[in-house]
Amino acid sequence: LPLLLEATLLELASGSHHPFYNGFYYNHIMNDKGNGQEKVVYFNGAKLVVETPKDPVYSSNGANVTLPCHYHYEPDLEAKRKIRIKWSKLRDDYTKEQDVLVAIGKTYVAFGDFRGRAHLHQASRREASLVVSDVRLQDDGKYRCEVIDGLEDESDVVDLRLQGIVFPYQPPHGQYRLNFHEAERVCQEQGAVLATFNQLFQAWSEGLDWCNAGWLADGTVQYPIRLPRKPCGGLHLAPGIRSYGLRHRHLHRFDAFCFSSALRGEVFYLDHPAGMTLEEAKQSCQDAGAEIARVGHLYSAWKFLGLDRCDAGWLADGSVRYPIVKPRANCGPVEPGIRSFGFPSKGRFGVFCYKER
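None of the values given here were measured: they were computed from a predicted structure.

**A word on the pattern of salt bridges**
- Under the defined criterion, the tally for this structure stands at 18 salt bridges.
- Between Arg185 and Glu189 there is a salt bridge, with its nearest N and O atoms 3.7 Å apart. Highlighted residues: Arg185 and Glu189, both in helix 3 (residues 180-189), separated by four residues, approximately one helical turn.
- Look at Glu189 and you get partly exposed, because its relative accessible area is 41%.
- One connected set of salt bridges, linked through shared partners, spans Lys86, Glu97, Asp99, Arg144 and Glu146.

If you want it as structure tokens, here you go:
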């Protein structure tokens, strides 16, 4: 029977159906007075408490990050106990979980994309921190640290945020041509992922103003407005994130808001006296031991590496753009940003290349 109970609890610890907070089933026993009040009974005589940071933990693409988690008992228990630890990645609405890691004692198993990248950090007593190496763009989000001690089960959430940049993306064939799945794909093709609402909100707070609606990672369609105007929701609405709400992921079509983080390499510019066609530009990057840069590479280099170049260059999607950190005469508008010439079918330009470190 003990072995059967242990196997059942381990299955619960690793099952995706496990609810966000199930302490009610084990810890809370309704009284018999019928007044709706609860009587709390702790099976081992002590309350299990799990704690994570209230402030977000920040990291960047390719880095290593530790998500702190500690637990204790009230009152304290000195006896060594066989603890089970589970880490999960949550959706914003907590309706679905992605298993990250399950551990019993010093034995642990990581799952999915976290296999080979996630392990526990237990340098101090009653620590259950998660270490994620080689952080990826899709790792951004909320994580739940769950501690199971026999029939006691408590958890807390830590927020991992990647430092990055949000950019609107419209494909070569025009505005509002992407369903949700196509939007996911084009962001990946540009070295990015679909942005979350939190990432878009952060970009808006830093000055992003864009009147075209775009997909976000949760399947909603929204756009950020700093300067209210008639075509963008009206003159009399306050600045903010305008929302179309959830849209049909197959039938409805919009642009995309993509998110890219710090680069693992460098972006550099190549030119030719007579300019280059797109195919010649791709070959020039290959000859330099690099690849033609993607849109996400250029935005990241502009924001994080201060790339400033008043020369138009090809990118991998067939667009021609250039990054300006210090606005000046003959280099576009008075604000810093990525200038775009669109997707010219003809013309000869330089090229922006990307090379991994």
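Alright, that's what it looks like, and here's the rest.
**A few points about the nonpolar core**
- If you look at the biggest cluster of nonpolar residues, it comprises 88 residues, and the most contacted ones within it are Leu67, Trp87, Leu130, Tyr143 and Phe352.
- The dominant element in this core, judged by the number of residues it contributes, is helix 6 (residues 295-304), at five residues.

**Let's talk about the packing of aromatic side chains**
- Scanning all chains against the criterion turns up 13 aromatic pairs.
- Seen from their ring centres, Phe167 and Tyr299 are 4.7 Å apart, and the 10° between their planes marks the pair as stacked. Here the residue Phe167 occupies a position in strand 14 (residues 164-169), and Tyr299 occupies one in helix 6, the gap between them amounting to 132 residues. Just as Phe167 is buried, Tyr299 falls in that class too.
- When the centroid spacing of 6.1 Å and the interplanar angle of 90° are considered together, the rings of Tyr223 and Tyr244 count as edge-to-face. Placement of the pair is Tyr223 in strand 17 (residues 220-225) and Tyr244 in strand 18 (residues 240-246), with a sequence separation of 21 residues.

**A closer look at the pairing of strand 6 (residues 70-74)**
- Every second residue of strand 6 is oriented toward a common face, the buried set being Tyr71 and Tyr73 and the non-buried set His70, His72 and Glu74.
- Taken together, the five bridges between strand 3 (residues 47-51) and strand 6 define a ladder with antiparallel strand orientation. Opposite Lys47, over in strand 6, you have Glu74 as the bridge partner.

**Some points on the pairing of strand 23 (residues 320-324)**
- By the criterion of burial, strand 23 is predominantly enclosed, with five of the five residues buried.
- Two elements, strand 22 (residues 313-314) and strand 23, share two bridges in a ladder whose sense is antiparallel. Opposite Gly313, over in strand 23, you have Arg321 as the bridge partner.
- Connecting the antiparallel pair strand 22 and strand 23 is a turn made up of five residues, with Gly318 showing a positive phi of about 90°.
- Inspection of the sheet shows strand 23 paired to strand 24 (residues 337-340) by four bridges, in the antiparallel sense.

**Concerning the state of the cysteines**
- The full count for this structure, using the stated rule, is five disulfides.
- Sulfur-sulfur distance for the disulfide between Cys187 and Cys258 comes to 2.1 Å. Because the torsion about its S-S bond is -80°, the bridge between Cys187 and Cys258 counts as left-handed. Taken as a pair, Cys187 in helix 3 and Cys258 in strand 19 (residues 255-261) lie far apart in primary sequence, 71 residues in all. Each member of the pair, Cys187 as well as Cys258, is classed as buried.
- Covalent S-S linkage joins Cys285 and Cys353, the inter-sulfur distance amounting to 2.0 Å. Judged by the sign of its S-S torsion, about -80°, the bond between Cys285 and Cys353 is left-handed. With Cys285 in helix 5 (residues 278-287) and Cys353 in strand 25 (residues 350-356), the pair connects residues that are 68 residues apart, well separated along the chain.
- Residue classification places Cys285 among the buried residues on the basis of a relative accessible area of 0%.

**Section: the environment of Asp99**
- Positionally, Asp99 belongs in strand 8 (residues 97-104).
- Counting along the chain gives twelve residues from Asp99 to Trp87, while the straight-line C-alpha distance between them is 6.7 Å.
- Among the polar contacts made by the side chain of Asp99, one reaches the side chain of Lys86 at a distance of 3.5 Å.

**Quick notes on the sheet that holds strand 9 (residues 107-110)**
- Read from one edge of the open sheet, six strands run 4-13-12-7-8-9, paired in mixed fashion. Each having just a single partner strand, strand 4 (57-59) and strand 9 make up the two edges of the open sheet. On average, each strand axis in the sheet is tilted by 25° relative to the strand beside it, whichever way the strands run.
- Note that strand 7 (residues 84-90) and strand 8 share seven bridges and pair antiparallel. Across the sheet, the residue bridging to Ile85 is Ala103, located in strand 8.

**Points about the environment of His70**
- Here His70 shows up in strand 6.
- C-alpha separation for the pair His70 and Arg126, spaced 56 residues apart in sequence, amounts to 5.8 Å.

Calculation rules
Residues numbered from 1 in each chain as written. Predicted model: local features only at pLDDT ≥ 70, side-chain atom pairs only at ≥ 80, totals over all residues. Heavy atoms only, no water. Salt bridge = Lys/Arg side-chain N within 4 Å of Asp/Glu carboxyl O. Helix = DSSP H or I, 4+ residues; strand = E, 2+ residues; numbered from the N terminus. Buried < 20%, exposed > 50% of the residue type's maximum accessible area, 1.4 Å probe, protein only. Core = buried A, V, L, I, M, F, W, Y, C linked by side-chain atoms within 4.5 Å. Phe/Tyr/Trp six-rings, centres within 6.5 Å; stacked < 30°, edge-to-face > 60°. Pairing = 2+ DSSP bridges. Disulfide = S-S within 2.5 Å. Polar contact = N/O pair within 3.5 Å; in protein donor to acceptor, adjacent residues only side chain to side chain. Axes fitted to C-alpha atoms, helices over the stretch in contact; angles between N-to-C directions.

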